[in-house]
Amino acid sequence: MSRTLPGTPAADGFRMPCEFEPHQGTWMLWPERPDNWRWGAKPAQAAFVEVARAISAFERVTMCVSPAQFSNARHMLPEAVRVVEMSSNDAWVRDCGPTFVVNEQGEVRGVDWKFNAWGGTESGLYFPWDQDDLVGHKILEIEDVPRYAAPIVLEGGSIEVDGEGTLLTTRECLLNHDRTPDLSPEALESQLADYLGIRSIIWLERGVYNDETEGHVDNLARFARPGVVLLDWTDDRDDPQYPISLDAHERLCSATDARGRKLEVVKLPQPGPLFMTADEALGVDVVEGTQPRTAGLRLAASYVNFYCCNGAVIMPLLDERTDAQAAAILGRVFPEHRIVGVPAREILLGGGDIHCITQQQPLARQR
């Protein structure tokens, strides 16, 4: 049974590791809600299977599935993927799952954040979100990992760390009043330091254009390794993404990390722009209180939303005009990893991509 701990990770000597440190495995949640995923989520389920298949060639994958979908998921998924029964409201484990932290002795613990579906009753994307809010605790129980119950609302996609004390995030998301409105920016920075073990925060202003998460950094800028950041980029000055990426580029180039290093910024080309088709919108149930899916909706497509597992980078294939260029850049930045592309438009149609549907569990070292 997972223990709920007093205190904070930083006070106990724990930090959030970077994603490219060794993993015990990857967690995912099975999609099924018809008001978010078209045609009863069947196309999305097929896409999730391919993501799980790609990752499972390199590390253990656990898929959490509702009772009603257990048999279907078990039939569709490769035998190498572990399937466990778990209730949830949707499939975004990056945002509702736990953030794992480690110490120098190789112990692993978990931070269980509060979750309010990206904005609560004011601007959240669906209601209720009560089962998603339990996912972090449930995963830590299954793995028997000690738990810190964080007092703030935070989604995993809103933070990015280099593992050496530096955090990337956006003001658009973390300082939004629909997350934890009673905290000042200074108090929030203190909480982030306490629960992630970071010493320096690089604040970017906004996330990718039309991103319904209200600016998650994992769609805009990610660490490839300490000192190197990948940035979603377009050269089209008329594209609404251009001023966002330009501002982020300027902020990153003028920043230093927790160890005092200047950052190398590597531009990843933006796919598209991509838009939801009439057929894709037609297949989504309309339910009051959920994010509408309409024809012509600009999709927040980004190759930055990749997932780094043991020995591989799993990247979304989104646009045949730019897929190969993005893969080549990732190959240069991650020379010791295989670059594995997975068709990901069906995931994008639901509001996120490969990084959003995965959550890494770091490898615990034997003492």
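The structure this text deals with has already been given above.
Residues numbered from 1 in each chain as written. Predicted model: local features only at pLDDT ≥ 70, side-chain atom pairs only at ≥ 80, totals over all residues. Heavy atoms only, no water.

Counting its regular elements, the protein chain contains 11 helices and 16 strands. Taken against the 2.2 N^0.38 rule, which gives 21 Å for 367 residues, the C-alpha radius of gyration of the protein chain at 19 Å falls within 12% of a compact globule. Along the longest, intermediate and shortest principal axes, the C-alpha atoms of the protein chain span 50 × 50 × 45 Å. Among the 367 residues that make up the protein chain, the fraction classed as buried is 60%. The long-range fraction of contacts in the protein chain, counting pairs at least 24 apart against all pairs at least 6 apart in sequence, stands at 75%. In the form shown here, the protein chain has an accessible surface area of approximately 14300 Å², with 50% of it arising from carbon and sulfur atoms. If the 34 positive side-chain charges of the protein chain are averaged to one point and the 55 negative ones to another, these points end up 5 Å apart. (Helix = DSSP H or I, 4+ residues; strand = E, 2+ residues; numbered from the N terminus. Rg over C-alpha atoms; globule rule 2.2 N^0.38 Å. Buried < 20%, exposed > 50% of the residue type's maximum accessible area, 1.4 Å probe, protein only. Contact = heavy atoms within 4.5 Å. Areas by Shrake-Rupley, 256 points an atom, 1.4 Å probe, with all protein chains shown as cover. Lys, Arg positive; Asp, Glu negative; His and termini not counted. Charge placed at Lys NZ, Arg CZ, Asp CG, Glu CD.)

What follows is about the sheet that holds strand 9 (residues 200–204). On the basis of which strands lie adjacent, the open sheet formed by three strands has the order 7-8-9 and mixed pairing. A strand with exactly one partner marks an edge of an open sheet, and here the two such strands are strand 7 (160–161) and strand 9. Looking at chain direction, strand 8 (residues 166–170) and strand 9 are connected through five bridges and run parallel. When the bridges of strand 9 are listed, L168 appears paired with I202. Against the sheet, helix 7 (residues 185–196) touches strand 8 and strand 9, its axis set at about 125° to strand 9. (Pairing = 2+ DSSP bridges. Axes fitted to C-alpha atoms, helices over the stretch in contact; angles between N-to-C directions.)

The next point concerns the nonpolar core. Counting 76 residues, the largest nonpolar core has L77, L230, I314, F334 and I347 as the members making the most contacts within it. It is helix 1 (residues 42–56) that contributes the most residues to this core, eight residues altogether. Sequence-distant contacts of I347, defined by excluding residues within four places in its chain, comprise W37, A47, F48, V51, W92, G352, D353, I354 and I357. F14, V111, C173 and W203 belong to the second-largest nonpolar core, a separate cluster that totals 22 residues. (Core = buried A, V, L, I, M, F, W, Y, C linked by side-chain atoms within 4.5 Å.)

The terminal C-alpha atoms of helix 1, which comprises 15 residues, lie 21 Å apart, in line with the 21 Å expected from a rise of 1.5 Å per residue. Within the sequence span of helix 1, burial applies to A44, Q45, A47, F48, V49, V51, A52, A54, I55 and S56. (Expected span 1.5 Å × (residues − 1).)

Strand order across the open sheet formed by four strands is 3-2-1-16, with mixed pairing between neighbours. Whereas interior strands pair on both sides, the edge strands pair on one side only; in this sheet they are strand 3 (82–85) and strand 16 (359–362). The mean inter-strand angle of the sheet, taken between neighbouring strand axes irrespective of direction, is 25°. As paired strands, strand 1 (residues 23–29) and strand 2 (residues 60–65) are joined by five bridges and run parallel to one another. Directly across from M28, in strand 2, lies its bridge partner M63. Sitting on the sheet, helix 5 (residues 132–143) touches strand 1, strand 2, strand 3 and strand 16, and the angle it makes with strand 1 is about 140°.

Think of a pair of aromatic rings as described by two things: how far the centres are apart, and how the planes are tilted against each other in angle. Enumeration according to the criterion identifies eight aromatic pairs in this entry. In this structure an aromatic cluster arises from ring pairing among W37, F48 and W92. The lysine or arginine in question, R222, covers the ring of F306, its NZ or CZ lying 4.3 Å from the ring centre. The ring of W233 has K267 lying over it, and the distance from NZ or CZ to the ring centre is 4.0 Å. (Phe/Tyr/Trp six-rings, centres within 6.5 Å; stacked < 30°, edge-to-face > 60°. Lys NZ or Arg CZ within 6 Å of the ring centre and 35° of its normal.)

As a further point, take the pairing of strand 10 (residues 221–225). One face of the sheet, then the other: side chains in a regular strand alternate in exactly this way. Summarising burial for strand 10: four of the five residues are buried, a large majority. When strand 10 meets strand 11 (residues 228–233), the two strands line up antiparallel, connected through four bridges. Bridge pairing in strand 11 links F223 to V229. Between strand 10 and the antiparallel strand that follows it, strand 11, lie two residues; G227 among them carries a positive phi value of about 90°.

On inspection of all chains with the given rule, the structure shows zero disulfides. A disulfide-free cysteine, C18 has its sulfur positioned 8.2 Å from the sulfur of C308, the nearest such atom. With no disulfide partner, C356 has as its closest neighbouring cysteine sulfur the one in C173, 12 Å distant. (Disulfide = S-S within 2.5 Å.)

Another point: helix 7. Because an α-helix completes one turn every 3.6 residues, residues spaced three or four positions apart along the sequence face the same direction. Between its first and last C-alpha, helix 7 extends 16 Å over 12 residues, near the 16 Å set by a 1.5 Å rise per residue. Looking at helix 7, one finds that the buried residues are L188, Q191, L192, Y195 and L196. Seen along its axis, helix 7 keeps its buried residues to an arc of 100°; they face one direction. Next to the buried residues of helix 7 lie strand 4 (99–102), strand 5 (108–114), strand 6 (147–153), strand 8, helix 6 (171–174) and strand 9. Within two residues after helix 7, G197 carries a phi angle of roughly 70°, on the positive side. (Arc of directions from axis to C-beta.)

With that settled, consider the environment of F127. Checked against the element boundaries, F127 lands in the loop between helix 4 (120–123) and helix 5. Residues F127 and D95 lie 32 residues apart in sequence; the distance between their C-alpha atoms is 15 Å.

Quick look at unusual backbone geometry now. For the bond from F127 to P128, the omega torsion is 0°, close enough to zero to count as cis. Positive phi, close to 65°, is recorded for W118, a residue that is not glycine. If you trace the backbone, W118 turns up in the loop between strand 5 and helix 4. Unusually for a residue other than glycine, N210 sits at a positive phi of about 65°. Its place among the elements puts N210 in the loop between strand 9 and strand 10.

So far we have only geometry, and geometry alone does not tell us how the molecule works.
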